[in-house]
Amino acid sequence: MALITLRAALDAAKDGGYGVGAFNVTDLVQVEAVLEAARETDSPVIVQTIVGASAHGSDELFWDAMRTTIARYPDVPVVLHLDHGPSYDDCVRAIDAGFTSVMIDGSLAEDRVTHATFAENVAVTARVTAYAAAHGVSVEGELGTIGGSEDGGVHKEIVLADPDEAAQFVESTGVDALAVAIGTSHGAYKFSSPPDGTVLHMDLISAIAARVPDTHLVMHGSSSLPADLREVINAHGGTLPESWGVPESEKARSTKLGVRKINQGMDSHMAFAAAVRSYLDEDGINVDPALYERRGRVAMQQLVAERMRVFGQAGQASRHR
Ligand code: 13P
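Everything quoted here is computed from the prediction, not taken from an experiment.

**Digging into the site of the ligand**
1) Next: Around the ligand, 15 residues are found, and the nearest of them are Lys190, Gly221, Ser223, Gly265 and Met266.
2) Next: Here Lys190 contributes a side-chain N or O atom positioned 2.5 Å from an oxygen atom of the ligand.
3) Next: Here an oxygen atom of the ligand and a backbone polar atom of Gly221 are 2.7 Å apart.
4) Next: Within the complex, 96% of the 310 Å² of free accessible area of the ligand lies under protein.
5) Next: When residues of the shell around the ligand are traced back to their parent elements, those giving at least two are strand E3 (78–85) and strand E8 (259–264).
6) Next: In the shell around the ligand, the residues fall into one nonpolar, 12 polar and two charged.

Right, dumping it as structure tokens:
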């Protein structure tokens, strides 16, 4: 079984009333952490990566190695997903490399800074859905603009999604999943105080879900930014600013309102970095990457397994057997 499409994972999640975490990975050690967490909790899972954002020398090398690793977990239903595909060509490259799902982020123009028009977004997304459909691959589109940066570069201004446009976008593109901007942002700096209804527009989720009942909604920028992990990182040389992310309770609530895919990268990166920083700091003589990367992998697996229980995907792998 191993590889499944995003459509299959999210249709099952809708039937079961739960959400599926989409965990960003930037190297093979993290892929292993996520797959082990899924096996440990008997979860279906979405493993996602961004073009050019891995520690490896090329996307192709990393993507090949990801597929080989996933094949070693035949008991785990896995969606291999391209996160924030910046162009049609990148989505085609991922589909040809065996991804079972791609996101085309048509919300930004080609310079990745200016906002694309609605018509431009529809045009590039529809091209991707046509190619993907011919290859049995699912597609996620984006409407509105999620803040922050998914790759450490550009900082985007938040533009909330609009329910009427969502209905029109889905009809014109046929996407399986839709990332809706509801006020979240990517990265390690999100909110300057605990978020309430004025920054996190949970009401928009239900309004959009009602307009696009056959399309699954995706919440980006869902990391919680745990204060305890920030403290460990900062106690060992880090300089992360105080910031609040999306509370665990809000993520669980979002799955009741219609969110099916919950994107999260920063929390597991923080767990990994906290474990590595404290290990290196406490054991000044050890420089063997196997030792500190192992600490990072175990810490990341633990955090991802916890999230899988919160999202409700734990114990749901059997739906795909
Ligand atoms: P975080 O930056 O909150 O982890 O979100 C990741 C994400 O949405 C990737 O698309």
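Let's pick the thread back up.
**Notes on the packing of aromatic side chains**
1) Next: Scanning the entire structure with this criterion turns up four aromatic pairs.
2) Next: On the numbers, 6.4 Å between centres and 80° between planes, the contact of Tyr88 with Tyr131 is edge-to-face. One end of the pair, Tyr88, is in helix H4 (residues 88–96); the other, Tyr131, is in helix H5 (residues 118–134), and 43 residues separate them in sequence.
3) Next: The buried category is assigned to Tyr88, whose relative accessible area is 18%.
4) Next: Classification of Tyr131 by relative accessible area gives partly exposed; the value is 21%.
5) Next: Note that Arg127 overlies the ring of Tyr88, its terminal NZ or CZ placed 3.7 Å from the centroid.

What counts, and where the lines are drawn
- Residues numbered from 1 in each chain as written.
- Predicted model: local features only at pLDDT ≥ 70, side-chain atom pairs only at ≥ 80, totals over all residues.
- Heavy atoms only, no water.
- Near = heavy atom within 4 Å.
- Polar contact = N/O pair within 3.5 Å; in protein donor to acceptor, adjacent residues only side chain to side chain.
- Areas by Shrake-Rupley, 256 points an atom, 1.4 Å probe, with all protein chains shown as cover.
- Helix = DSSP H or I, 4+ residues; strand = E, 2+ residues; numbered from the N terminus.
- Nonpolar A, V, L, I, M, F, W, Y, C, P; charged D, E, K, R; others polar.
- Phe/Tyr/Trp six-rings, centres within 6.5 Å; stacked < 30°, edge-to-face > 60°.
- Buried < 20%, exposed > 50% of the residue type's maximum accessible area, 1.4 Å probe, protein only.
- Lys NZ or Arg CZ within 6 Å of the ring centre and 35° of its normal.

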